[in-house]
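Descriptive analysis of the structure
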Amino acid sequence: MPLRYTHRILEHLAHSGYRPGSSAQVARDMRVEPDEREAFEEAIRRLAGESKVVIDEAGVLRLPRFGEEVIGRFRLNARGFGFVQPETPYVEGDLFVPRGNVRDAISGDLVRAQVIRQSWRAKPRAGRSECIGRIVEVIDRGQDNFVGVLMQRGGNWFVAPDGRSLHDPVLIRDPHAKNAREGDKVVIELLHYPEEDYHAEGVITKVLGVAGEPDVETQAVITAHGLRTEFPDAAVDRARAAAGEFEQESRGPWPDREDLTETFIFTIDPPDAKDFDDAISIAYDESGGEWTLGIHIADVSHFVTPGSPLDEEGRERGNSVYLPRLVIPMLPEVLSNGVCSLQEDVPRFAKSAFINFDEKGRVLTQRFASTVIESSKRLTYLEAQALIDGDMNEARKHAATEPHYSEQLIETLRLSDRLARILRKRRHRDGMIVLNLPDVELVFDDDGHVVDAVPEDDAFTHTIIEMFMVEANEAVARCFEDLGVPIIRRIHPDPVHGDLAELQMYALAAHLSVPDQPTRFDLQRLLEATRDTPAGRALHFAVLRTLTKATYSPAMIGHFALASDHYAHFTSPIRRYPDLILHRALQAYLDATDNGRNIPGGRKRRELGKRVLDDNRTPDEAELVVLGKHCTDTENEAEEAERELRDFLVMQFLQEHHLGDEFPGVITGVTSGGVFVSIERFLVEGLVRGQDMPQSKGRPDRWDVNEASGRLTAQRSGASLGIGDIVTVKILQVDLASRHLDLTITQFPQRPPAPVDARATKRPGGKREKGKRKGYKQGRRGKRAR
C-alpha cells in the first residue's frame, strides 16, 4: 500500500542529514523489508507523479525546489522575522521571511508567500537559503481569539497576550465596555493585526476574572486552545434518551450478546477516575499451560449512532481533555461517567476481546463478542499492587470502594501479575523500547494553587493494565488486517535515518557510543546501559525526541515503539473518537458472524471483509485519512493545553515561593545560546542563557558547542556542560505570560563517568541479534497513554 510509505519518504528526504541517493539507497536507509519494496517503489512513483519528489537522470531522489510561491503555516519570531513551513516539503526547507516582509501575519496563520531569489551579491550568510519570502496573502487565520492581561501604559490601555502567537501588547481603545479592570484576564478579538511598527488593535469580548487565579487561568487556556466545554442541546438530549433506554435494556434478556455477568471481572483505575472504560478477566489452565485473557471495553457505539448530534459533537472534539483539576469529556457525562462506565456491581454493555496465550506469552487464538458484564470489584492501582504483595492494610489505605477482598480477587490479581510479566518479557525479547521517564503529580490547595509536587507511584499494576490493553489493541488490528478492511490505526513509523545520527551526539555527550546506524536493539541497549544513571533521564528523553510522533492513519505502518506490526486504538471509546470508529467496524464484523460465533475461513474471509467494508458504519480509506488527521490535531491541541496550564501553575508557584532558590536539575538540551535544564522536583524546564552562564575569575566566559562531543565548553576555564549532567540551578526570573523560566547554574556537574559502549551490552536473555521491525515504548501516564 503506497500510503504506508509516502509520508515517511517525504520526511526522510526533508531531513537535514539526508544524503541524496537512489531509491535503493533510500530503501536501505529506511530499512524497508524486501517483501515491501514494491509498495515502497509505488510510493516513489506516486510522489514523483505529483511532483513532490524529483528523480534526476542518475536516479537520485531529491525534494523539489521552491517555485514562484509557497503556501504554508507561518511561524513568527519575537524579533520580527519568521518562517513559512510549506504544506509539502522542499529541498530548501522552511522559507525565511525577513522583517519587513511579514505583512500582518502572526504565528499559526496559513499564508501565501512570494519566493524571492537573491543574487550572489545579496546572499545571506552561510547556512541560509538563497531564497527569502514575502508574504502576499493571509489565507486563513490560525487563531481568532486571544487571552491576556489588561494593563495601562500612560494614557493607553493594552492587553499583554499569553503564549507566543503575539509578541507585543494589543491596543484596546474601550477597555471598560465589558467592565474590565486593570489586572483582569480577558478574551480579545483582533480588529487589526500587528504590522511592522504598528500595534495590533483589539476589542475585549469577555472578562474571565483576576489574572493568576487558577480557575481563571484554566478558562484562559480553554479559550486560547478553542476547547469545547458546552454540549449542544441536541447532543445532551440524545445522551439522556440513550441513558434512559438503557434502564430497560439492562434488565435483559440479551439475545444478541454473550452473557458474562457471572464471570469474575474487575477494573483497575486511578482513585479519582469516573469513566471506567476497560475491565479484565483472566484464567490459567495449569495442565495445558494456556492463558485466557478477557479485555472488556465499554460499548460506547451502542449509545452513539453514526451521524447523530451526539456523534457529530464527539467527532468534532476528537478526544477528552485532561487539564489539571478539570476533565473536559468527549461525550456528555450521563454517558461517559454513567451508563457507559464499567462501574462495580451493575450490568454494562461491552465489546470483549478474548486472547489465548501459551506459557511464553505467544498468541494462540483470539475472538471477539458483544457482551454484558458486571464488574465484581473496582480497584485503584496502589490498592491492587498491595493485594498482589499481600499487604492488606496498605490496600485498605488506597481503596476507593468498600475494602472487601475475596480469595478469588487476590488469586485473579496474582494471575494478572504473572501474565503481564510474561508478556513484557516477550516484548523485551522482540526489542521493545522501554523509556524510563519519571512523572510527578502536582499537589493543590483548596483554591487550586500548586503547593508541592510528588513522584508518581511506580506500581507494577500500571504495567499490568498497559500490557493487556496493548494486546487487545493489537488483536483488533490483526483481525481487520486479515479481513482486508481499512481501519483507523495508531501508527508510529521507524525513526528517520538522519535523526538517528543526531542521537549519536546526544549519546556521546553522555559518554556513550552507539553504531553509525543504530537498530532498535541498539536503542534498547543504550537505554538499558543508562537506566538508573545520572545521564539516564536525559538520554531517555533524547531517544524519545528521536522517535517519530504517533498519529492516526489508515496506513498499515505498525507501531515501532510498541513492538507491533498492526496496532489500533480500541480500548478507550469513552474518551477517544478513533476507538469509537473502530468499535463500529467491529460491530459490523460481529453482525456478519453471529456475534463472532461463525467465522469463515479461506476465501470466504475476504468475502466477509467485503461485507464489513460495505456496511455504512465502516468509513472508506479516504474518509479515514481525513478523520485520522483531525483526531491527531485534536489530540495535539489537548496535550498542548494540558502542558501549558501545568507549566503556568508550576511557574506561578516558583515565582511566588521559590524565586532565587536553588534546585538540582538535569541538562536536557544544549544550544549555542545556552543550555536547557529540567528541575527534577517539578519536571519543569528552564533556560540558562549564555549571559547567565558562570563566569571565569569574575569575567564572562565564552561558551561554544563542541561539534564532536555535543558539549558546551567554556573557552577560558575549560568547563563543559552536556546532556545528562546533573547541575544545581538558581531561579532568576519567571515570565508567566510566555511560560518561560530563566535559570543560572550555581554548581557544576561532577566528573563525568568513563565511556560505555552500548554495543557491548548483550541482549537480555541471549546473543546480540540484528534488528527486527518491532519495539515498545511503555507509557507511564495512566490510561491516557494506552
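Residues numbered from 1 in each chain as written. Predicted model: local features only at pLDDT ≥ 70, side-chain atom pairs only at ≥ 80, totals over all residues. Heavy atoms only, no water.

**Some details on the packing of aromatic side chains**
Short version of the rule: Think of it this way: a Phe, Tyr or Trp ring, Trp meaning its six-membered ring, pairs with another when their centres are within 6.5 Å, and the plane angle makes it stacked under 30 degrees, edge-to-face over 60, tilted otherwise. Only DSSP runs of H or I covering at least 4 residues are called helices, and only runs of E covering at least 2 are called strands; the numbering of each starts at the N terminus. Working definition: with a 1.4 Å probe on protein chains only, accessible area under 20% of the residue-type maximum means buried, over 50% means exposed, and in between means partly exposed. Put simply, a charge is over a ring when the Lys NZ or the Arg CZ is close to the ring centre, within 6 Å, and near the line of the ring normal, within 35 degrees.
For the structure on display, the rule yields 11 aromatic pairs. Their ring planes at 90 degrees and their centres at 6.1 Å tell us that Phe 81 and Phe 83 sit as a pair that is edge-to-face. Between Phe 246 and Phe 349 the ring centres are 5.0 Å apart and the planes differ by 90 degrees, which places this aromatic pair in the edge-to-face class. Residue Phe 246 is found in helix H5 (residues 233-249), and its partner Phe 349 is found in strand S19 (residues 347-357); the two are separated by 103 residues along the sequence. The class for Phe 246 is buried, based on a relative accessible area of 2%. Chaining the aromatic ring pairs together yields one cluster made of Phe 81, Phe 83 and Phe 96. Its guanidinium or amino end placed over the ring of Phe 354, Arg 367 lies 4.1 Å from that ring's centre, counting from NZ or CZ.

**Digging into the packing of helix H15 (residues 577-591) against helix H17 (residues 621-657)**
Applicable threshold: Every angle, taken between N-to-C directions, lies between 0 and 180 degrees, and every axis is a line fitted to C-alpha atoms, over only the stretch in contact when it is a helix. When an angle is under 35 degrees it counts as roughly parallel; over 145 it counts as roughly antiparallel; between 65 and 115 it counts as roughly perpendicular; any other value is oblique. Here, residues are in contact when the closest pair of their heavy atoms is within 4.5 Å. In the scheme used here, Gly and all other residues not listed as nonpolar or charged are polar, with Ala, Val, Leu, Ile, Met, Phe, Trp, Tyr, Cys and Pro taken as nonpolar and Asp, Glu, Lys and Arg as charged.
Here H15 crosses H17 at 150 degrees, and the two axes come no closer than 10 Å. By the angle between their directions, the pair H15 and H17 is classed as roughly antiparallel. Each of Tyr 577, Pro 578 and Ile 581 in H15 lies in contact with H17, whose residues at this interface are Leu 624, Leu 627 and Cys 631. Partitioning the contact of H15 with H17 into residue classes produces six nonpolar, no polar and no charged.

**Considerations on the sheet that holds strand S9 (residues 156-161)**
How we decide: For two strands to be treated as a pair, DSSP must find at least two bridges joining them.
Spatially, five strands are ordered S8-S9-S10-S12-S11 in a closed barrel, and the strand pairing comes out mixed. Shown here is a sheet whose adjacent strand axes are inclined to one another by a mean of 50 degrees, direction ignored. The pairing of strand S8 (residues 145-153) with strand S11 (residues 184-192) spans five bridges and is classified as antiparallel. Pairing of Asn 145 across the sheet is with Glu 189, part of S11.

**Some remarks on the nonpolar core**
Soluble globular proteins tend to pack their nonpolar side chains together in the buried interior. Our working rule: Take the buried Ala, Val, Leu, Ile, Met, Phe, Trp, Tyr and Cys residues and link them wherever side-chain atoms come within 4.5 Å; each set so joined is a nonpolar core.
Judged by nonpolar contacts, the single largest core of 55 residues is most densely connected at Phe 368, Leu 379, Leu 413, Phe 468, Phe 480 and Tyr 589. In terms of residues, this core owes the most to one element, helix H11 (residues 461-483), which gives 12 residues. Residues within four places of Leu 413 in sequence aside, it is in contact with Phe 266, Ile 268, Leu 379, Ala 384, Leu 387 and Ile 388. Core analysis: the next-biggest nonpolar cluster, separate from the first, contains 43 residues, Leu 649, Phe 653, Leu 721 and Val 729 among them.

Limitation: the analysis is restricted to geometry and does not speak to function.
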